[in-house]
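Structural description and commentary
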Amino acid sequence: MGLMPLPTFKNSPPGVCLILWSRASKHKTPYFGGCGEEILMSAELVGGSALGAGFGKLITAVLDARKKITQFDSSLKKLEERLNSITPSIVEVKKFMDQSNHPRVELEKLIQILKDGEKLIHKCSEVSSCDYFNNWRYANKIKALDGSIEKNFQVEMQVIQLWSTTVLPKSNRLSLSNRGVSDNYESLGSCEATDPPAFMVGLDVPLKELKRRLFTDGESRIVVSAPGGCGKTTLAKRLCHDQQVKEYFTDICYVTVSKTCDLIGIIKKLFWHNAERVQGFQSEEDAVNQLELMLKRKVESGRILLVLDDVWSGSKSVPDKFKFQISKFKVLVTSRNEFPGFGSTYNLKLLSEEDAKTLFCHSAIPEDGSRSSMPSEELVNGIVRRCKGFPLALEVVGRSLHEQPVEIWRSTLMKLSEGESIVNSEDELRNCLQSSLDALDDKDIMLKECFMDLGSFPEDQKIPATALIDMWAELHNLDKGGIYAISNLHKLCSRNLLNLVVTRSSRNDANEIDWCYNDAFVMQHDLLRDLAIYQSEQEPIEKRKRLIVDLTGNRLPEWWTKEKQPRSSARLVSISTGYSVDEMFSSSWCSMQLPEAEALILNFNQTEKKYELSEFMKQMDELKVLVVTNYGFCTAELTNFSVLGSLSNLKRIRLEKVSIPTLCKTSIELKNLEKLSLVMCHKIGLAFASSTIQIPEMLPNLREINIDYCNDLVELPEGFCDLIQLNKLGISNCHKLSSLPEGIGKLTNLEVLRVSSCTLVSKLPDSMGSLHKLRVLDITGCLLIRKMPKQIGELRSLREFHMRRCQCLCELPLSVTDLVDLKRVICDEETAQLWECFTHLLPDLTLLVPEEIINLNWL
């Protein structure tokens, strides 16, 4: 069997720190098919050297242990994969060393680690499966061994590579050829940097140094490098919001690159950010060329700073595309890796002991010291030392101990003391983060379940709170209105396990009757998402509660093939794909048996193609929630809706950024569907206009419809007015919608009607007077409405009326005095003046003029 060559890093200057494999890569392709025997054969190729002997003995011990014991199988499997991945490299280096007479002293530490590892595996074989404490302890030691082998192997390779570069002639140097570059990318956010946290420590010196470099004419490209969770993103955001930086640069563009990315998507965002027409690029090269021309025009007006945040090793070619020779254009990159060929590196250090303690105490101890029993200085220092200056670990562990009894602090310190380290590798950081979940007591089991569910959504993407509400209402029996779900999000946010962002809010503008969360989103740090996925993957496929499948590169995992056709008892199933060359979605998927799945999350990141719902969905008899989200730049058409006709328990459907012209062409009946949400969807009118059956027959039990940002919606399908069982109808941000159908008066069971931010709607239909059960009416942002229909006085059940940003509204009919149950009107000062002349006739009415806050952090 031929050996797979190592990666090539050409033109690397002496002293370059060469990282062969980043811990960011989760999916490693086994060189030898994962066969232990072939690994042993490869170890024999190293000859009788100490390295070969240690390597062979360790892999033998691992294979034997996996056959004899089961409690460490997951950890041992990962260790076996690690040894698998470095085998060809060791063989290649051995060959190089024999030919070059390279001194072998540098390998002694790695050889000793392999010997110690063999002893550890033998000890694991002696641990009883019922000895839970030692099972936990040795599992952590195996993980630490895996990280130590990876780290030291990388160091040895750096030393040999450096020696080869500086000592040997070019023809004799160690050549490492590239492998494993993914063609898959994740979509990006906007080009605006969100606000950094309000409380920050340890960043003054890095900020000062970065500004010094950026303000220097000769330095145009900088890489801020540090492990994940060290504050790179926080530093970059603070830099973007620094007043001196904003004065120095005319324009600051900020994009998150993440694990994989779409270069053309980045460039399209940059064109959009600069108010340029988004081009239809022929290729990546064409996109880069067009961007360079655009930037050359823009710099005539001033300096430009581009911040590429969170560039992973798999996306290392992306920064190189922005190496333009433009005098007033500068690029700053944040990454867990160093890219010496791109620009100068600034290594962001961990926090000093003083700053670490300050950050920890800010998260863990109330500022006013209002605790019945304060933890001792020794206890605080002990926990801070175990976090070793790692900002994310300090914040998360600190938040988990906030207002907790001293006993929990002590138990946390004991758990952290059991591990050898918590920051040397991301695996060990997960152990630290895991203690935050362990700190949740028994009454917070639901919080832990909700946290685990967040791993079902893609990295670095905003998660709509409404999608979580739908999912948790069915999976965890939380209230369908979403109050408990949002409460859980706030609790998780207070523990620093996620960020909850509300894009538009108003003080004193809480809806007391019908809670609407269309403007609420969740963001999660990628390490915390990794923790959730890591926990979910500890059980075998068939026993997992959550089955999270990442089809990066459209490569099915080994356990999902036509021959195997896996079966899983998971209640939550998430399948995500990334950008790929052939842009296949479900057409290549094999069958899968998911008889107990109640929620299916489908995430894809491709554009301008048709994507089919998979046929295996027909057998998902228990499915209650379907969420389909396209994270690509453009809308994609979704087809094969006929599979939904077999799902008799389906209650909630949420579709985002998809075109649905064939939704109703298959005569499907969704008899138990209760809620339909369409966000940024196209061809809604065509979908329902082409229906071969009447909409009430197709959706006989539909209770709620939400349509948001559907820009080609000109009129509401008339058939919606025949859904007499409908309780809630929400239409927002549909800027081509000009009116509501007169037939809306037939919705006699309607309790909530929202027509918000539909800027062309100029009036409400007279038939609204028939909506006698209506309790909430929201016309916020309907700029062209000049007056209310006189029939509005017939809405005797109306209790809340939202009418902010209705600038053209100039009069109210006298019939509003008949709204005897109206309790609150939320409006602007101008609209409040229209109501004031009626308040003496409506003694229970309260006029609220809130201060509106628009938060752009979600973009």
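Note that the structure is predicted; figures quoted are calculated from it, not measured.

At a minimum axis separation of 10 Å, helix H9 (residues 263-273) and helix H10 (residues 284-298) run at an interaxial angle of 25°. Judged on the interaxial angle alone, H10 and H9 are roughly parallel. Two packed elements cross with a definite hand, and for H9 against H10 that hand is left-handed. For the pair formed by H9 and H10, the contact residues are Leu263, Ile264, Ile267, Leu270 and Phe271 on the first element and Glu284, Ala287, Val288, Gln290, Leu291 and Met294 on the second. Taken together, the residues that form the contact of H9 with H10 break down as nine nonpolar, one polar and one charged.

Here Val825 lies in strand S24 (residues 824-827). What makes Val825 buried here is its relative accessible area of 0%. Taking the C-alpha atoms as reference points, Val825 and Thr846, separated by 21 residues in sequence, lie 6.4 Å from one another.

Strands sit in the order S6-S9-S7 across an open sheet of three strands; the sheet is antiparallel. Of all strands in the sheet, those bounded by a partner on one side alone are strand S6 (463-464) and strand S7 (499-502). Relative to strand S9 (residues 520-523), S6 runs antiparallel, the two being bridged by two bridges. Across the sheet, Pro464 pairs through a bridge with Phe521, a residue of S9.

Here the focus is the nonpolar core. One finds Leu644, Leu753, Phe801 and Trp835 to be the most contacted residues of the largest nonpolar core, which totals 99 residues. Every residue in contact with Leu753, bar those within four places of it in the chain, is listed here: Leu729, Leu740, Ile744, Met768, Leu771, Leu774, Val776, Leu777 and Asp778. By size, the runner-up hydrophobic cluster in this structure holds 78 residues, among which are Ala236, Tyr254, Leu359 and Ile469.

By secondary structure assignment, the location of Asn733 is in the loop between strand S20 (728-732) and strand S21 (752-756). Overall, the relative accessible area of 13% leaves Asn733 in the buried class. Residues Asn733 and Thr759, 26 residues apart in the sequence, show an inter-C-alpha distance of 7.7 Å. Look past the residues within four positions of Asn733 in its chain and what remains in contact with it is Asp708, Tyr709, Cys710, Asn711, Ser756, Ser757 and Cys758. Of note is the side chain of Asn733, whose polar atom sits 3.0 Å from the side chain of Asp708.

In space, the five strands of this open sheet follow the order S2-S3-S4-S1-S5, with parallel pairing throughout. Strand pairing shows two members of the sheet lacking a second neighbour, strand S2 (251-258) and strand S5 (344-347), which therefore form its edges. The sheet shows a mean angle of 20° between the axes of neighbouring strands, taken without regard to direction. As paired elements, strand S3 (residues 304-311) and strand S4 (residues 329-335) share six bridges and run parallel to each other. Within the sheet, the bridge partner assigned to Leu308 lies in S4 and is Val333. Against the sheet, helix H6 (residues 204-214) touches strand S1 (221-225), S3, S4 and S5, its axis set at about 170° to S5.

A word on helix H4 (residues 108-124). Along its 17 residues, H4 runs 25 Å from first to last C-alpha, staying within 8% of the 24 Å computed at 1.5 Å per residue. Here H4 has its buried residues at Leu110, Ile111, Ile113, Leu114, Gly117, Leu120, Ile121 and Cys124.

In this section: the pattern of salt bridges. All told, the structure shown has 25 salt bridges when counted by the stated rule. Among the salt bridges present, the one from Lys651 reaches Glu474, with a minimum N-O distance of 3.9 Å. Here Lys651 is found in the loop between strand S15 (636-639) and strand S16 (652-656), whereas its partner Glu474 is found in helix H18 (residues 465-475), with 177 residues between them in sequence. We classify Glu474 as buried; its relative accessible area is 5%. Arg652 is the partner of Glu474 in a salt bridge, and the nearest nitrogen-oxygen pair spans 3.2 Å. Linking Glu474 in helix H18 with Arg652 in strand S16, this pair joins segments that are 178 residues apart in sequence.

Phi at Lys657 takes a positive value of approximately 55°, unusual for a residue other than glycine. As for its placement among the helices and strands, Lys657 is situated in the loop between S16 and strand S17 (658-659). Of note, Tyr709 is a non-glycine position whose phi angle comes to about 55°, a positive value. When you line up the elements, Tyr709 lands in the loop between strand S19 (704-708) and S20.

Among the structural elements, Ser815 can be located in the loop between strand S23 (800-803) and S24. Exposure remark for Ser815: the relative accessible area of 16% places this residue in the buried category. Within the local environment of Ser815, its side chain forms a polar contact with the backbone nitrogen of Gly793, the two atoms lying 3.5 Å apart. The residues contacting Ser815, other than those within four sequence positions of it, are Lys790, Ile792 and Gly793.

Conventions adopted
Residues numbered from 1 in each chain as written. Predicted model: local features only at pLDDT ≥ 70, side-chain atom pairs only at ≥ 80, totals over all residues. Heavy atoms only, no water. Axes fitted to C-alpha atoms, helices over the stretch in contact; angles between N-to-C directions. Helix = DSSP H or I, 4+ residues; strand = E, 2+ residues; numbered from the N terminus. Parallel < 35°, antiparallel > 145°, perpendicular 65-115°, else oblique. Left-handed = near helix turned anticlockwise from the far one by under 90°. Contact = heavy atoms within 4.5 Å. Nonpolar A, V, L, I, M, F, W, Y, C, P; charged D, E, K, R; others polar. Buried < 20%, exposed > 50% of the residue type's maximum accessible area, 1.4 Å probe, protein only. Pairing = 2+ DSSP bridges. Core = buried A, V, L, I, M, F, W, Y, C linked by side-chain atoms within 4.5 Å. Polar contact = N/O pair within 3.5 Å; in protein donor to acceptor, adjacent residues only side chain to side chain. Expected span 1.5 Å × (residues − 1). Salt bridge = Lys/Arg side-chain N within 4 Å of Asp/Glu carboxyl O.

Function cannot be read off these values alone, since they describe shape.
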